[in-house]
Amino acid sequence: MLSLLAQISGEVSNGSSAADAAARLGFASWILYLPAIAALVGLAFGAMKIKNKLPAAVTVLALGGAFVVAVMAYLGWQEVAQKAPVSVPIASWLNFAWGEGENQRLALGDFALYLDGLSLFWILFVTGLGTLIAIYASEYMEGDVGKGYVRFFAAVSVFLLSMGCLVLGGNLLMLFLGWEGVGLASYLLIGYHYGKPAAVAAAKKAFITNRIGDVGLVLGIWLCWQNFGTLDYASLFTAAGEMAKQPTGPGAEWIPYCLMLGAFGKSAQLPLYVWLPDAMEGPTPVSALIHAATMVTAGVYLIARTYPLFDLHPHALETVAWVGGLTAILAATIGMAQYDMKRVWAYSTISQLGFMFLGLGVGSTFAASFHVFTHAFFKATLFLTAGAVMHGFAGQLDIRKLSGIRKVPGFKVVAYTMLVGCLWLAAIPYSASFFSKDAILLSAFTNEAHAVPALGWLGLVTACLTAYYSFRVWFRVFGGETNYEPGDEVHGHDGHGHDLGHGHAAHSATHGHDHGGHGSHAGFHPHPPRLAMNGVVTILAIGSILAGLPSYLELAGHHNWVHDMISASTAASGAGDAHGGHGGHLLLGMDPHKAVGLLSMAVATTGILVALFLHLWNRSAADRLRKGMLAFPPTRLLVNGAENKWWVDELYEVILIWPVKALGHVFAFLDRHLVDGFWTHGLGRGPAWMGRLFQPLYNGQLQGYAVTMAGGTVLMAIWILWVWMKGGA
């Protein structure tokens, strides 16, 4: 580990100094500046009450520019730094001391970018997909021009700025600033329809659940500084490597557990995954942004970035693996029983994130990062095509109320791009996700230090369920005879709660598609997506295919680009061999590569064929199967549990929310009656009560004053007499 860290932290080779490389790569800071400028311009547009699509144009140009700068930074890093890490300073900050002793100085040095294989790999797809999603949103959100359009795109800019800060930051504190910025932006975007109670509740749920994880991250950062005296990546991991050889300092063994708690919150893993399905209350582009390339990948990035710190406890990575594996299977069982298309994809995101954490836990940062990369493209495709369906059918997302819509004029692009997304989510043989998922499973079966074969088999079961629910959606919505019911937006309101005001009625009036006979609403005319939406989903579908290019080239004898990038970073200790060397292990009596490949083919094919039979060829059989399982007590629990999300939200309601509410009522009672009633108001009323006691004596009548004077004289006389008698004694 130490030699590896020394290698990736060494000086820039070939005669170029680190300072020279930093100077030549200084333009990379524009990856942050451009979305920051777009956010500020968005605020100005809001103040100016702009009522056109200019905010979208500014955001798209800024994010597109950031992507171009990221590409240039990647090319420059290869040429100038020879793939060694480079720190690009931006500003000096937080450099002060409060004593002479050890750990009594906070010197984080520069507000800097840390350019290495991991950060550049991540920022490339973050900015690239962010740009495409913004282009899609420019058309999708056009019904809100003059209302929330400016606010939406300003928040998107903040989102991408924060993600850039998180990924490119040169120390843990800068990562934390981006981390919290992403949380704030997600709150604003999920709660975009702030007039809807469901959207407000979803935004608060996401924000509060993530704060629980953030407590762990803050503690982890504090323990890092307490034990190593630095938060800067370049020195932090070297110090961690030294400590791994010696007895750890106070609390050092808790560092990986604190960091993983933060990662589990942001990336929606057990037990903190419950916020992500409700995030569907935001507009569909927000769902794609959160689920594909930005917020939910932050936890995976955190563990990959701090991977050397997970050597501080022998069971830390094993814990990550088990949490990831169990989350994957749990979310898959829920996803296969949901009827809302976007919620199916939401639970699939949680499940696929579980695969990524499984990969990290079984010792393969390469496999986990590769799966992040492949997943980003096909999951963005799935969400944006679901949004196109929702946009065209007045908010309808219930897969029981949509059928055969590939035959509806204008929806073929949506149908077949979603088909690509479903095939890639199902990980059919030789798809990009087939290679990335199999790399995770192979490591689970064969990794010399971290293999957990039980999780490998659990992953295969999860893969079968994934293939099933992916094509359950596609066969139901796009296969069969054309039949549909519009959503509630056709009536001018949004019962689903995702998106409002996309102008369905106006658009329908200008398009002459007549499919009234296909649904129960004879006057409804679906309207297809236009160039921006169709163009983006087409590019994403092509990107999903090309995301497998590193593995295709590897099969041809070339290097795997993703592996090379991860190997040139602080995650290098988990990169291993791109071919997944198995150290002589056999699986089912054969080479593990071959065995995992065959098993993956078998489970994907099985899942797709079951979905084909139940949801295309014989849909009545699916209904009979469900009724039969509900009639049989042992299987009734399975059906009801999956459809009701295993009652996890209700469980949290009982064991967490109700007790907190009860405690809140107790404190409110004490505050109202003890603190305010007795202490604050009670003592404050004392002088007033005394005043009222003597008020009758000062009523403006002469006899009243005479009585007062006489009473005062008597009291003074008694007091003098008492003092005299006491002195005399």
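Structural notes, computed from the coordinates.

Moving on, we come to the nonpolar core. The nonpolar side chains of soluble globular proteins are, as a tendency, buried together. Of all hydrophobic cores here, the largest spans 209 residues; its most connected members are Trp-122, Met-341 and Trp-345. Take this core: its biggest share by element is 17 residues, from helix α16 (residues 365-392). Look past the residues within four positions of Met-341 in its chain and what remains in contact with it is Ala-386, Val-389, Leu-397, Ile-399, Leu-402, Met-418, Val-473 and Val-477.

With that settled, consider the pattern of salt bridges. Evaluation of the coordinates by the stated rule reveals 14 salt bridges. With a shortest N-O distance of 2.9 Å, Glu-142 and Arg-530 are connected by a salt bridge. Of the two residues, Glu-142 sits in the loop between α5 (117-140) and α6 (149-168) while Arg-530 sits in the loop between α20 (504-510) and α21 (531-546), which places them 388 residues apart along the sequence. Take Glu-142: its relative accessible area is 24%, and that puts it in the partly exposed class. Residue Lys-205 is joined to Asp-278 by a salt bridge in which the shortest nitrogen-to-oxygen separation is 2.8 Å. Taken together, the residues Lys-205 in helix α8 (residues 197-228) and Asp-278 in helix α11 (residues 275-278) connect sequence positions 73 residues apart.

Take the packing of helix α3 (residues 30-48) against helix α4 (residues 54-80) next. Packing of α3 against α4 brings their axes to within 8 Å, and their N-to-C directions diverge by 175°. Compared by their axis directions, α3 and α4 come out roughly antiparallel. Each of Trp-30, Ile-31, Leu-34, Pro-35, Ala-38, Val-41 and Phe-45 in α3 lies in contact with α4, whose residues at this interface are Leu-54, Pro-55, Val-58, Thr-59, Ala-62, Leu-63, Gly-65, Ala-66, Val-69 and Ala-70. Considering only residue class, the contact of α3 with α4 consists of 15 nonpolar, 2 polar and no charged.

Moving on: a nonpolar patch on the surface. The grouping of Leu-663, Val-666, Phe-667, Phe-669, Leu-670, Leu-674, Val-675, Phe-678 and Trp-679 at the surface amounts to a nonpolar patch, some 910 Å² of accessible area in total. Position of Leu-674 relative to the elements: it lies in helix α27 (residues 648-694). Residue classification places Leu-674 among the partly exposed residues on the basis of a relative accessible area of 48%.

With their axes 9 Å apart at the nearest point, helix α14 (residues 316-335) and helix α19 (residues 453-478) run at an angle of 25° to one another. The orientation of α14 with respect to α19, classified from their angle, is roughly parallel. Crossing hand, α14 versus α19: left-handed. In this structure, α14 contributes Ala-321, Trp-322, Gly-325, Leu-326, Ala-328, Ile-329, Ala-332, Thr-333 and Gly-335 to the contact, and α19 contributes Ala-454, Leu-455, Leu-458, Val-461, Thr-462, Leu-465, Tyr-469 and Arg-472. Of the residues in the contact of α14 with α19, the class split is 12 nonpolar, 4 polar and 1 charged.

Tracing the sequence through the fold places Met-356 in helix α15 (residues 341-361). Linking Met-356 and Gly-299, residues 57 residues apart in sequence, is a C-alpha distance of 10.0 Å. In this structure, Met-356 is in contact with Val-300, Ala-368, His-371, Val-372, His-375 and Ile-440, ignoring residues within four places of it in sequence.

Next up on the list: α3. Along its 19 residues, α3 runs 26 Å from first to last C-alpha, staying within 8% of the 27 Å computed at 1.5 Å per residue. Considered for burial, the residues of α3 that qualify are Ile-31, Leu-32, Pro-35, Ala-38, Ala-39, Gly-42 and Phe-45. Seen along its axis, α3 keeps its buried residues to an arc of 155°; they face one direction. Facing away from the buried surface of α3 by more than 90 degrees, the exposed residues are Leu-40, Leu-43, Ala-47 and Met-48. Looking one or two places after α3, you find Lys-49, whose phi comes out positive at around 55°.

Relative to the helices and strands, Ala-467 is located in helix α19. With near-sequence residues (within four places) excluded, Ala-467 lies in contact with Ala-426, Val-603, Ala-604, Gly-607 and Ile-608.

Here the focus is α14. For α14, spanning 20 residues, the distance from its first C-alpha to its last is 28 Å, which sits close to the expected 28 Å at 1.5 Å a residue. Here α14 lies mainly inside the structure; 15 of its 20 residues are buried.

Reading the values: rules and limits
Residues numbered from 1 in each chain as written. Predicted model: local features only at pLDDT ≥ 70, side-chain atom pairs only at ≥ 80, totals over all residues. Heavy atoms only, no water. Core = buried A, V, L, I, M, F, W, Y, C linked by side-chain atoms within 4.5 Å. Buried < 20%, exposed > 50% of the residue type's maximum accessible area, 1.4 Å probe, protein only. Helix = DSSP H or I, 4+ residues; strand = E, 2+ residues; numbered from the N terminus. Contact = heavy atoms within 4.5 Å. Salt bridge = Lys/Arg side-chain N within 4 Å of Asp/Glu carboxyl O. Axes fitted to C-alpha atoms, helices over the stretch in contact; angles between N-to-C directions. Parallel < 35°, antiparallel > 145°, perpendicular 65-115°, else oblique. Nonpolar A, V, L, I, M, F, W, Y, C, P; charged D, E, K, R; others polar. Patch = residues over 30% accessible without salt bridge, like charges linked within 9 Å, V, L, I, M, F, W, Y side chains within 5 Å. Areas by Shrake-Rupley, 256 points an atom, 1.4 Å probe, with all protein chains shown as cover. Left-handed = near helix turned anticlockwise from the far one by under 90°. Expected span 1.5 Å × (residues − 1). Arc of directions from axis to C-beta.

Function cannot be read off these values alone, since they describe shape.
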